[in-house]
Each structure stands twice: as structure tokens, then as C-alpha cells.
Amino acid sequence: MKLTRPGHAGPAGEHSPPPRSRSASPPPAKRQRLVPGELQAFTRAGPSGPGTNRPRAQLPPAAFSPSLDAQFGLEIEIPSIDVSTGAGAGVLRRGAVLLERPHWKLECDLVGGGKHDLEFVTDPLAGEDEVRAAIKEITTVAAAIRTRALAGAMTVRLQDVAADAKIDAVLRLTDPHLPGRLQSTYGVGLDHLGMLIDELLPKKQAAEIHTNTGTVADFHAERTGEPLSLKARAFIQLINMYLARAQATLPADGTVHIFFRVMARSDFCAAFSKLLAPEDRDAVRALLVAPEGVPMMMEALDMRDPAQRVFAKPYYRADRNPAHRQAGPTIKDWLASIVEGRREGLLYKDLLSPPPGYPLRSGDLSIDYGMGAMGVDERNGLMLFKIRGAPYRPQHVTMNGQLARAADSELARAARHNPALKTATRAPVASAKYDALRAADEAYVGLRNAAGTMAARAGSVDEQGWKFIGRHFASQVARLARARTAVAARTRSSWAPGLCKAMDDLRRTAHAVLQTGNDGRLNDLAASLEPFQAALARYEDMLWQAGARHE
């Protein structure tokens, strides 16, 4: 998302970084003067091992990231569109802008192996009028891409869709339904963080975070004789959330962001300095910084090893090369950096903003992106968070009216935490049509994937293999039947009868495939899949049309 130049500066004498962002817009001109001694002087670390005290050579004071107005933003990645360039158009890079409009832009994202997919990214949006305007344009472009691709062997030049495209990109669709992965970014106050944790994280992990926060608060009270304030306690809860996610052992490898379902786009240094009162900073500093041994917070959580890492397993560095995995900082060093800075780079940032292995933040938000790239909304007391995953959010959302309904729901949830967002609804949005078509979309994806697996193995599958493939295929047929029940209940919807008929045709051909396999006629599987694939294509088209209708 784009920014205009912020008027807010860091410490006196520092210039504000250039202004571009995917997630926020700047406040009115304002300068901040740090209280002398409020933060220790910015220093540079010499060689040191994990958990050791680092030498502190004095450097000029570093600037904080500029303060911002936390608004609302969306990113919708479409993995089913492969992006390449036409002759003479140059080499693509991650984040290259293919098309730009007033409220959004179309980019390509690097997905590994030198391949790129498509991503729609909104500017910072102030409320529902801007969100709906942007989504209307995005769905119009997506529909045009789909229509041209279906008429052109699933391939289309972007400039044939939009004459003002900045890059002559060639788009190849692997799925005409355009399933998009939705992520939202918005501001949340420290006092609302507990609500976010309970809503977005697994219950067991959320309970662990709350328990650990209480343990640290009790330890601080016992050690110092002073209770933690609600704001200081909320900041410790934020740190505990990051530690809980980073310490989890994930089943897959990836870049560092995969650890964090709720990822802070604001850095911890800015949050510590600008969102906490002086007495709260004193209490948090006592918990996070210790010249010798481990700090009080680690002691409270029975983390006795100063060399213990933040991450339980190494993560991929920015180059995504599996051979270049990064262990990350120690917990002790990260906690200290929240108060003292990381002692490198142009900006006052902690050791997870970004983690080691990623380029240091430059202050240019057209380049900086990801963890801790931005400052905080000092005026409204908000940190900026990217909600990468949510249990209420479908794994994929179709790029038609379904996206519009999903965006409304995301904005309404964001507005609970930020009263400055202009929207009439500040609670989760319910839509019977959205829910019915979401189930139908999921049935489509499940059957398409199951059929793809079956087609790939049709010439070699044996009876044992069929037991697994057939059982999975049957489960997706059952999902389709449940989705049809929900669609059939929409008796007053003009799109429902046609969609139900397409679902019935698909179920009939799916049962024929299952019968072929169950009869042991495995050599005939490929032939039985042909009418099923034709019925699946008709179902996809009816499903797209149903989602595109505004009723």
C-alpha cells in the first residue's frame, strides 16, 4: 500500500524515511523529542557468541521508523496464475508492480524455483467506501483475466486486459476458478491483543500464552514488590505470543514468516518507546534486560540458558536457499534489543525486525517489507499486525463476489480494534450466501485436486493404491453433497437451481468414477474421468456465475 510522505520524524535531527507501505498512511506533521536517557545510545556490536554481553561503541542516535496512521489493507495472492514476461520485457522480481490503480496495485510474488504468481495489494484504506471501491475494481480485472484466459488456452497477456499495464506480463492460469489466499493488515492496541490471541490462535497455545504472561507478572511483583500495569502486562503478552509461535516445531520448512499467524508489521522498539508510559517502560526494561545471566522474564519462564534461541528450528533466509538456513537470535539478545536496539543499521529496530538473514530496514517502505518494517500509530495507540491466517477465513476465496463479502468481514473485524476506521459494522459479518458458496467452492477445490491425483496415477494404480485414492475421492463427493444441501436451501436465489443441477451432474459422473474403481476396472479409470472433468468444468462456471451475482 502506498504512503505519502510522513511529517513525523524520529529523534531530533533525523530525517523521515521515504514513504511507501502496504499497510498504513501517515498522520499529520508532528515531531517527537526523546526524553534524554529514555533509551540507551545506539551501539554497534562486535564479535560475540549467543547470550554474551556485546561491546557498546557509541554511534550517532538512530531514527525510529516514522509514526503512521494504522488503516486497513488486503493482500490477495492467486497461486493458480503463473506470471512470466513477454519478449524484451525484462526479468521479473518479487514485488514488481504490473498494474497500478488509485486504491490498489497488481504485483508478482516470488514463490520459489524462480517462479512468480500474481498478487493484488491494496493501498492503506480508511473505511468501507474505499475498500468496496478497490475490491470492485480488483474483481472486475480478475473476471477479465479469467474470461480471456478461457478463450485463449488458459493464457493471456496482461496488456490485453489492461492497456495501462506497466509490464508486458504473460499470465497462465492453472485453475479458472482463481482461488485467492487472503491476508489482512490493520492496527490493534496492546489492550486488545488478548482478544486477537483468543480468536486467531489454537486454544491450547492461547492458554499457554496467557498462563506465561501471568507467570511473568507474578514473578515481577514478587521480585520488585510492584504489580505490572495492564499496558506493561499486555506488552509482555505480545512477547510471549511471539515466543510461543517461534518455539513451536512446524511440520514444514520455510521463510521466517511461516511461524507467525499474527505478524507484527510494527517493530518492537517503536512499540516499547511510543506506546508505553515511562513507568511501564521501566517495568518492562527490568524484565527484558540483564547485564549478566538471563533477564527476569526468562528466569520467570524457567529459561535458564542464555544461549537459547528464539526459534525452535532454523528458518530459510531471504534467498530461500535451503542450504542457507538461519538459526536466528538468542532470546536474551532479542529481549535486550527491544529496549536497546539491535546496534546495526540506520533505524532503531529489534532483532526480529527483521530477523537475521534478511536485509536490514532502510526506511524506504517501497523496499522494506515484512516483520517490523514500520513504526506504530502513536496517536491511536496501535501496532500494525498482518493477520496471515484465521480460523474464520476460508483457505481460498474466489475472486468474484465472494471476495467482496470476505473483505467486508475482514474490515468489520479490524474495526473492532480501530475506531478510526470508517465503517458501519464493527462485528463479524454473516452472509448465508457467502457461507453456502464457500462450502461449494471448497467442494470444487477438493474434487479438482482429488481428480488430479487420480488422473496422474490412472495408468499405474493398483488395488491397494485405489483404496486410498478412492476413499479420498469419495470423501470429496460427500462434501459436495453437503454443499448442495446448503445451496438448495437458497430457494429465493435465482442462481441456486442452475448450480444445484450442475452439482447433480457432477455427483453422477463422480459416482461413475468410483464405481469403475470399486469394480476393479482400474485400466478404465482414465476414460471414466473424462465425463467427470467435463462436468467439473460446467460446475466451476456455474459456481463462478453464482458468486459474481449481487443478490
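The structure we're discussing is the one just above.
Just so you know, these numbers come straight off a predicted model, no measurement behind them.

Cut-offs and rules
Residues numbered from 1 in each chain as written. Predicted model: local features only at pLDDT ≥ 70, side-chain atom pairs only at ≥ 80, totals over all residues. Heavy atoms only, no water. Helix = DSSP H or I, 4+ residues; strand = E, 2+ residues; numbered from the N terminus. Buried < 20%, exposed > 50% of the residue type's maximum accessible area, 1.4 Å probe, protein only. Contact = heavy atoms within 4.5 Å. Salt bridge = Lys/Arg side-chain N within 4 Å of Asp/Glu carboxyl O. Pairing = 2+ DSSP bridges. Axes fitted to C-alpha atoms, helices over the stretch in contact; angles between N-to-C directions. Parallel < 35°, antiparallel > 145°, perpendicular 65-115°, else oblique. Left-handed = near helix turned anticlockwise from the far one by under 90°. Nonpolar A, V, L, I, M, F, W, Y, C, P; charged D, E, K, R; others polar. Polar contact = N/O pair within 3.5 Å; in protein donor to acceptor, adjacent residues only side chain to side chain. Core = buried A, V, L, I, M, F, W, Y, C linked by side-chain atoms within 4.5 Å.

1. Quick word on the overall build of the chain
- Scanning the chain from N- to C-terminus turns up 14 helices and 14 strands.
- Looking at the chain as a whole, 54% of its 551 residues qualify as buried.
- Sequence separation of at least 24 residues holds for 69% of the intrachain contacts in the chain that already meet a minimum separation of 6.

2. A word on the pattern of salt bridges
- By the definition in use, this model includes 26 salt bridges.
- With a closest N to O distance of 2.6 Å, Asp69 and Arg379 form a salt bridge. You can see Asp69 sitting in strand 4 (residues 69-70) and its partner Arg379 sitting in the loop between helix 9 (331-340) and strand 13 (382-387), a full 310 residues away along the chain.
- Relative accessible area serves as the criterion here: at 48%, Arg379 is assigned to the partly exposed category.
- A salt bridge links Asp168 to Arg157; its shortest N-O distance comes to 2.9 Å. Of this pair, Asp168 sits in the loop between helix 2 (158-161) and strand 10 (169-173) while Arg157 sits in strand 9 (residues 155-157), placing them 11 residues apart in sequence.
- Accessibility expressed as a relative area gives 36% for Arg157, which makes it partly exposed.

3. Quick look at the pairing of strand 11 (residues 179-189)
- Counting buried residues in strand 11 gives 10 out of 11 residues, a clear majority hidden from the surface.
- Across six bridges, strand 5 (residues 72-85) lies against strand 11 in antiparallel orientation. What sits directly across from Ile76, in strand 11, is Leu182.
- Summarising the sheet, strand 11 and strand 13 pair through six bridges and their orientation is antiparallel. Counterpart to Gly187 in the pairing with strand 13 is Leu384.

4. A word on the packing of helix 3 (residues 193-200) against helix 4 (residues 203-224)
- Two elements in contact, helix 3 and helix 4, have axes separated by 8 Å at closest approach and are oriented at 150°. In terms of orientation, helix 3 and helix 4 fall into the roughly antiparallel class. Of the two elements, helix 3 crosses helix 4, and the hand of that crossing is right-handed. For the pair helix 3 and helix 4, the contacting residues are Gly194, Ile197 and Asp198 in the first and Ala206, Ile209 and His210 in the second.
- In terms of residue class, the contact of helix 3 with helix 4 is built from three nonpolar, two polar and one charged.

5. Brief notes about the environment of Arg379
- Each C-alpha atom, one on Arg379 and one on Lys274, is 9.5 Å from the other, the two residues being 105 residues apart in sequence.
- Reaching out from Arg379, the side chain makes a polar contact with the side chain of Asp69 at a distance of 2.6 Å.

6. A few points about the nonpolar core
- Grouped together as the largest cluster of nonpolar side chains are 110 residues, with contacts concentrated most on Phe235, Ile239, Leu288 and Trp334.
- Considering every element that reaches this core, the biggest residue donor is helix 5 (residues 230-247), with 11 residues.

So yeah, pure geometry; function would need other evidence.
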